[in-house]
Amino acid sequence: MSDWNRRRWLQSLGLGALGVGSGGLLRADDAKPCPSGPGLQLQDFRPKSALHVKQTFVPKAKFPVIDVHTHLSWTAQNKGGVPVGEKVAAQITAKDALVVMDRKNVRAMVNLTGGTGKGLEENIAAFDKAAPGRFLTCTEPSYGDFLDPKYPQLQADAIEHAAKAGARGLKILKALGLVLRERISEGPLVKVDDKRFDPMWEACAAHKLPVMIHVADPEAFFTPIDCTNERWDELGHHPDWSFYGKDYPSFKEIMEARDRMFARHPKTSFVGLHVGHDAENLEFVGQSLDKFPNMTVEIGARIGELGRQPRTAGRFFDKYQDRILFGTDAVPPPDGENYPQQVFKDELYEIYYRFLETEDEAFDYAPAPVPPQGRWQIYGLGLSDAILKKVYNGNAMRVLGINA
Ligand SMILES: [Zn+2]
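Conventions and cut-offs
Residues numbered from 1 in each chain as written. Predicted model: local features only at pLDDT ≥ 70, side-chain atom pairs only at ≥ 80, totals over all residues. Core = buried A, V, L, I, M, F, W, Y, C linked by C-beta atoms within 7 Å. Buried ≥ 20, exposed ≤ 12 C-beta atoms within 10 Å, placed from the backbone. Helix = DSSP H or I, 4+ residues; strand = E, 2+ residues; numbered from the N terminus. Contact = placed C-beta atoms within 7 Å. pLDDT = per-residue confidence, 0-100. Axes fitted to C-alpha atoms, helices over the stretch in contact; angles between N-to-C directions. Parallel < 35°, antiparallel > 145°, perpendicular 65-115°, else oblique. Left-handed = near helix turned anticlockwise from the far one by under 90°. Nonpolar A, V, L, I, M, F, W, Y, C, P; charged D, E, K, R; others polar. Pairing = 2+ DSSP bridges.

## Section: the nonpolar core
- Residues Val211 and Phe326 are the most contacted members of the largest nonpolar core, which totals 105 residues.
- For this core, the element with the highest residue contribution is helix H13 (residues 346-357), accounting for seven residues.
- Ignoring sequence-local partners within four residues, the contact set of Val211 consists of Gly169, Leu170, Ile172, Trp201, Cys204, Thr268, Ser269, Phe270 and Val271.

## Topic: the confidence of the model for the protein chain
- A residue-level look at the protein chain finds 92% of positions with pLDDT of 70 or above and a mean pLDDT of 92.
- Per-residue pLDDT, averaged within each element of the protein chain, yields its smallest value for helix H1 (residues 2-12) (46) and its largest for strand E10 (residues 324-325) (99).
- Here residues 1-7 is a poorly scored stretch, pLDDT under 50, and it has 20 contacts once near neighbours within four places are set aside; other chains count.
- Considering only residues more than four positions removed or in separate chains, one finds that residues 9-28, a stretch of pLDDT under 50, has 35 contacts.

## Side note on the packing of helix H4 (residues 151-165) against helix H6 (residues 198-206)
- Where H4 meets H6, the axes come as close as 7 Å, and the angle between the chain directions of the two elements is 20°. As the angle between them shows, H4 and H6 are arranged roughly parallel. Crossing of H4 over H6 shows right-handed handedness. From H4, Pro152, Gln153, Gln155, Ala156, Ile159 and Glu160 reach across to H6, where they touch Asp198, Pro199, Met200, Ala203 and Cys204.
- The class makeup of the residues in the contact of H4 with H6 is seven nonpolar, two polar and two charged.

## A few points about the environment of Phe355
- By the element assignment, Phe355 lies in helix H13.
- Considered as a pair, Phe355 and Phe146 are 209 residues apart in the sequence and their alpha carbons are 42 Å apart.
- Contact partners of Phe355, with chain neighbours within four places excluded, come to Ile303, Gly307, Ile378, Gly380 and Leu381.

## A closer look at the sheet that holds strand E5 (residues 135-137)
- Reading across from one edge, E1-E4-E5 is the order of the three strands in this open sheet, with parallel pairing throughout. Looking along the sheet, the strands with just one partner apiece sit at the ends: strand E1 (65-70) and E5. Pairwise comparison of adjacent strand axes, ignoring direction, gives a mean angle of 15° for this sheet.
- Sheet topology note: the strand E4 (residues 106-111)/E5 ladder contains three bridges and is parallel. Bridge assignment links Met109 to a residue of E5, and that residue is Phe135.

## A look at the pairing of strand E3 (residues 83-90)
- Relative to E3, strand E2 (residues 73-77) runs antiparallel, the two being bridged by four bridges. Directly across from Trp74, in E3, lies its bridge partner Ala89.
- Between E2 and the antiparallel strand that follows it, E3, lie five residues; Gly81 among them carries a positive phi value of about 85°.

## Considering the sheet that holds strand E9 (residues 295-298)
- One open sheet accounts for five strands, arranged E6-E7-E8-E9-E10; its pairing is parallel. The sheet terminates laterally at strand E6 (170-172) and E10, the two strands that pair on one side only.
- As paired strands, E6 and strand E7 (residues 211-213) are joined by three bridges and run parallel to one another. If you follow Lys171 over to E7, its bridge partner there is Met212.

## A closer look at unusual backbone geometry
- Pro333 connects to Pro334 through a cis peptide bond whose omega is 5°.
- On the secondary structure map, Pro334 appears in the loop between E10 and H13.
- Of note, the phi angle at Asn105 is positive, near 65°, even though the residue is not glycine.
- Relative to the helices and strands, Asn105 is located in the loop between helix H2 (94-104) and E4.
- Notably, Asp329 is not glycine yet its phi reads approximately 65°, a positive angle.
- Note on placement: Asp329 falls in the loop between E10 and H13.

Below is the structure:
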């Protein structure tokens, strides 16, 4: 990850060495010839479903939507991929985002990577203040100050300043646990439950800022990239997303650290992004929700996991209907084109709405010729109106303190 977020940052400044613009890596496959015969390579295999099943187009959500997981701006990162400093780079204007939002019945978007200090204020002016009620901006930790002995208090003070400036939450990237080190980019990795962050979590509770937290990553990012890895295609395109080996903690160790930290801060509201960081294991996520009343989850970039276990996911949505928030992990183009399951455009929302509202079978979770996260298709949940309303907006309004 260190590298890809930095790349996103560089690209947004027009400095990217990768040179992937609109029509990025995966999309290029579209134009490829279609070979046949016994020597067919996996990368050339693009099967088209022969099923004759219902195809429902859902152009607009049935109820107004609050998308709690978007990246309308990126924060500067150092060479090691740690967010530092106050520089931010907006990826879209409020005006352009609103065009898509109005077409798709998106009432509000939460920009998680809103930055700190001056950068945060810039984002709040460009989005929240430019279109009141339509955008909410979150702040991020100031890891650049991590070496200051007074860091724990400085960070708590930064949360207070951010709240006063209008921030609506705190975003934690997986940098915590997987990228940030004792000397910022060197030394041992800092753990998710490191006590130096305790004043920050408590400040979030005091200022009623929910913590939008993403730790770990898909389970397959913590296992060897071999013929058994279900995300082989995705890791092939982004080998730096793998956290297998080196000095990385195991997936389980990260979850255990997270649990110790959640338990120490019962007054802080934690939104576990990407289905509580473990969409592959809904039993575990359910146990976490049972254990931590201060925890909710969000579904961004994981409909590929939820949608290939529709019966288990349906029961999960039924049981935890008050604890699930709608999110997409949207990234505006051109950068977003490199992550087809996240690119901010009409199709993204149409797929999410189809998944939540219909009982359609075996359809793509992303607009891409090869499913970008793994070679599977998804099945709609056909949620009831009562559950849809909660997931689309009711739960987010409660957690984020949004008035009707
Ligand atoms: Zn995200």
